[in-house]
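Fold and contact review
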Amino acid sequence: MTSAPHAPASPPDTSGSCPYGRSVSPALPGTGREDPLGLLDLFDEGFVRDPYAWLDRLRCDAPVHRDAATGLWLVSRYEDIRRVLLDPAAFRPDNAQNAVTPLGVPVLRLLARAGFRLRPALANNASESHAGLRRVVTRFFNAQRVAAAVPAIERIADELLDGVRGELTATGGSDLFAAFAHTLPCRVMMELLGIEGLDAATLVRWSDASLELFWGRPSADRQIELASLVGEFHQWLTELVSDRSAPEDSFVGALARHRLPEGELLDPQTAVGACFFVFIAGQSTTGQLIATVLRRALAEPGVWPGAADEEGLAEAWVEEVLRREPPVTSWRRITARPVRLGGVELPAGAELLLMLMGSGSDPDVFDAPGHMLPGRANIRHHLAFGLGRHRCPGAALARTEAAVALRAAARRLPAVRLAPAAAQAPVLDLLSFRAPLRVPVVEPPARA
């Protein structure tokens, strides 16, 4: 699940050769054929730790490139990705939540015993039911609710930072991922959605296991461990949505009373599918965003002290991180019919991997894309939350939580610095998710 320190494997140098359409690529020995991307491995430690050279090469040499290892067509240019996202009829979301690594028979049996079955609900739903379900979700994450939730986010952030403050005082060091970023969005989401009777750490553990099982490359033994946790998660969700006593104004209550286009009440399995997606997206990916925001702010001169008090800097910094280093690095689609994309003829059923992270560094859209410029004019033009009918319904909440987290941490911990170990901290290495799994910090002793 994590990328260990490793000497990055890099693609051939592209300096001075692109954008777009012309670059010098090495030939395969003895063949005369060019294959600049022959060594690309989406799960390799080198790619996970520093993917930008590979993403630049993809945009330059093969903007729609078939990855032999996964069978996915990698789409890397901003305009191509935007076209795919805005045309759900030609590029369907059916494969968005499929397991990247085939699940073994023992794992499938374990999941079946737990009753695990996710019907299309949100991210992977191309049916007429999607719009209504999306309205239910967005009702709980709209701008008004998010604005009203800011005091709660600030309160929870302060409670967690009290623990960080105590650890720094006692030991001189702490980990902002484990002690703060990983927990904050889970507690906020549970409060917003009226989820009670469950420890936040348990929900975090279930969510992380789900991400690794379906988007990772776990071994057979690891798959069984993860599937056990995912089965527990599914059983809890099933009990949750089956509770017809849930208040009408709660998220679960709204799902229970939602009617599909034909008029019948939403079935429990689809409600579970909706909760599965919302609970993971609402806290795991937001926690990953917060961790990256904190890590990058501590590394960039002037950002940490400025974020504490400078009006709008925390929000602008969050947008730049979303552009350059989003927690959701890619997303999948499948072609509904033969289509031409980026100069490549794709057959019906071609599975696409939209390189959202690479699109944020497209020089056709963003000036100086390798530099963090929170004052850039088109700062919100990134595709980190998707686009169109499947755009992330929790975008406003994620943005707000990350900005509040950065501002609160910078104010409460003005003297902290990244620990030397931060350079070698593990990185989440799932197909579509990337973030530091540790943000170790130290606090130098105060001068007398």
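Refer to the structure above for everything that follows.
This structure is a prediction, so every number in the text was calculated from the model and none was measured.

Now for the side chain of Arg134. For Arg134, the position within the fold is in helix α5 (residues 129-141). The side chain of Arg134 sits in the buried core without any salt bridge; Glu319 is the nearest counter-charge, 15 Å away.

Here we take up the packing of helix α4 (residues 105-113) against helix α10 (residues 220-242). Interaxial distance between α4 and α10 falls to 9 Å at its minimum, and their mutual angle equals 15°. With respect to α10, the element α4 is oriented roughly parallel. The two elements α4 and α10 cross, and the hand of that crossing is right-handed. Where α4 approaches α10, its residues Pro106, Val107, Leu110, Leu111 and Arg113 are matched on the opposing element by Gln223, Ile224, Ala227, Ser228, Val230, Gly231 and Gln235. Grouping the constituent residues of the contact of α4 with α10 by class yields 7 nonpolar, 4 polar and 1 charged.

Right, let's get into the sheet that holds strand β2 (residues 64-66). Within the open sheet, the 5 strands sit side by side as β2-β3-β9-β6-β4. Their pairing is mixed. Bordering the open sheet on either side are β2 and β4 (91-92), each of which pairs with just one other strand. Bridge analysis of strand β6 (residues 331-335) against strand β9 (residues 351-354) gives 4 bridges, and the strand direction is antiparallel. Following the sheet pairing, Arg332 is matched in β9 by Leu353.

Okay, the packing of aromatic side chains next. By the definition in use, this model includes 13 aromatic pairs. Arranged with centres 5.5 Å apart and planes meeting at 85°, the rings of Phe140 and Phe251 form a pair that is edge-to-face. One end of the pair, Phe140, is in helix α5; the other, Phe251, is in helix α11 (residues 251-256), with 111 residues separating them in the sequence. Relative accessible area serves as the criterion here: at 4%, Phe140 is assigned to the buried category. Judged by its relative accessible area of 0%, Phe251 is buried. Note on Trp206 and Phe233: the rings are 5.6 Å apart at their centroids and 25° apart in plane angle, and the pair reads as stacked. With Trp206 in helix α9 (residues 200-215) and Phe233 in helix α10, the pair connects residues that are 27 residues apart, well separated along the chain. Assigned by exposure class, Trp206 and Phe233 land together as buried. Connected via pairs of aromatic rings, a cluster forms that spans Phe116, Phe140, Trp206, Phe214, Phe233, Trp236, Phe251, Phe276 and Phe279.

Before going further, it helps to examine the pattern of salt bridges. Counted according to the given criterion, the structure contains 23 salt bridges. A salt bridge links Glu159 to Arg155; the shortest N-O distance between them is 3.8 Å. Taken as a pair, Glu159 and Arg155 lie in helix α6 (residues 143-171) at a separation of 4 residues, close to a single helical turn. The exposure class of Arg155 is partly exposed, given its relative accessible area of 36%.

A few words now on the sheet that holds strand β5 (residues 173-175). With antiparallel pairing, the 3 strands of this open sheet are ordered in space as β5-β12-β10. Strand pairing shows two members of the sheet lacking a second neighbour, β5 and β10 (417-418), which therefore form its edges. Taken together, the 2 bridges between β10 and strand β12 (residues 440-442) define a ladder with antiparallel strand orientation. If you follow Leu418 over to β12, its bridge partner there is Val441. Along the sheet face, α6 touches β5 and β12 and points at about 145° away from the line of β5.

The backbone of Ala368 shows a phi angle near 45°, a positive value even though the residue is not glycine. One can find Ala368 in the loop between α15 (356-359) and α16 (395-412). For Ala368, a relative accessible area of 37% gives the class partly exposed.

Along an α-helix, a turn takes 3.6 residues, which lines up residues three or four apart on a common side. Listing the buried residues of α4 in full gives Val107, Leu110 and Leu111. An end-on view of α4 places all buried positions within 95° of arc, on one side of the element. What points out from α4, more than 90 degrees from its buried face, is the exposed set Arg109, Ala112 and Arg113. Where the residues of α4 are buried, they touch α10. Note on α4: the residue one or two positions beyond its end, Gly115, has a positive phi of about 75°.

This part covers empty space enclosed by the protein. Enumeration according to the criterion identifies 3 cavities of 30 Å³ or more in this entry. The computed volume of the largest cavity comes to approximately 620 Å³. Every residue lining the largest cavity is counted, 39 residues in all, and those nearest its centre are Phe277, Ala281, Val328, Cys392 and Pro393. Elements supplying a minimum of two residues to the lining of the largest cavity: α5, α9, α12 (268-299), β6 and α16. The element that contributes the greatest number of residues to the lining of the largest cavity is α12, accounting for 9 residues.

This brings us to the nonpolar core. Counting residues in each nonpolar core, the largest one holds 126 residues, and the members touching the most others are Phe180, Leu203, Trp236, Phe251, Phe279 and Trp304. With 16 residues, α12 is the single largest residue contributor to this core. Filtering out sequence-adjacent residues up to four positions away, Phe180 remains in contact with Ala157, Leu160, Leu161, Val164, Asp175, Leu294, Ala405 and Ala409. Phe43, Phe47, Met355 and Leu431 belong to the second largest nonpolar core, which has 16 residues in total.

A few words now on the layout of surface pockets. Considered as a void within the structure, the largest pocket measures approximately 370 Å³ in volume. Looking at the lining of the largest pocket element by element, the count peaks at 3 residues for α12. Residues of the lining of the largest pocket, tallied by class, amount to 8 nonpolar, no polar and 7 charged. Lining the second largest pocket are 14 residues, and of these Gln97, Asn98, Ala99, Phe116 and Phe214 lie nearest its centre. For the lining of the second largest pocket, the elements supplying multiple residues, two or more each, are α4 and α9.

Criteria and thresholds
Residues numbered from 1 in each chain as written. Predicted model: local features only at pLDDT ≥ 70, side-chain atom pairs only at ≥ 80, totals over all residues. Heavy atoms only, no water. Helix = DSSP H or I, 4+ residues; strand = E, 2+ residues; numbered from the N terminus. Buried < 20%, exposed > 50% of the residue type's maximum accessible area, 1.4 Å probe, protein only. Lys, Arg positive; Asp, Glu negative; His and termini not counted. Salt bridge = Lys/Arg side-chain N within 4 Å of Asp/Glu carboxyl O. Axes fitted to C-alpha atoms, helices over the stretch in contact; angles between N-to-C directions. Parallel < 35°, antiparallel > 145°, perpendicular 65-115°, else oblique. Left-handed = near helix turned anticlockwise from the far one by under 90°. Contact = heavy atoms within 4.5 Å. Nonpolar A, V, L, I, M, F, W, Y, C, P; charged D, E, K, R; others polar. Pairing = 2+ DSSP bridges. Phe/Tyr/Trp six-rings, centres within 6.5 Å; stacked < 30°, edge-to-face > 60°. Arc of directions from axis to C-beta. 1 Å grid on protein atoms, 1.4 Å probe; cavity = no way out; pocket = protein on both sides within 12 Å on 5 of 7 lines; lining within 4 Å. Points joined across faces, edges and corners; volume = space filled by probe spheres on them. Core = buried A, V, L, I, M, F, W, Y, C linked by side-chain atoms within 4.5 Å.

In short, the description is geometric, and any link to function would need to be established separately.
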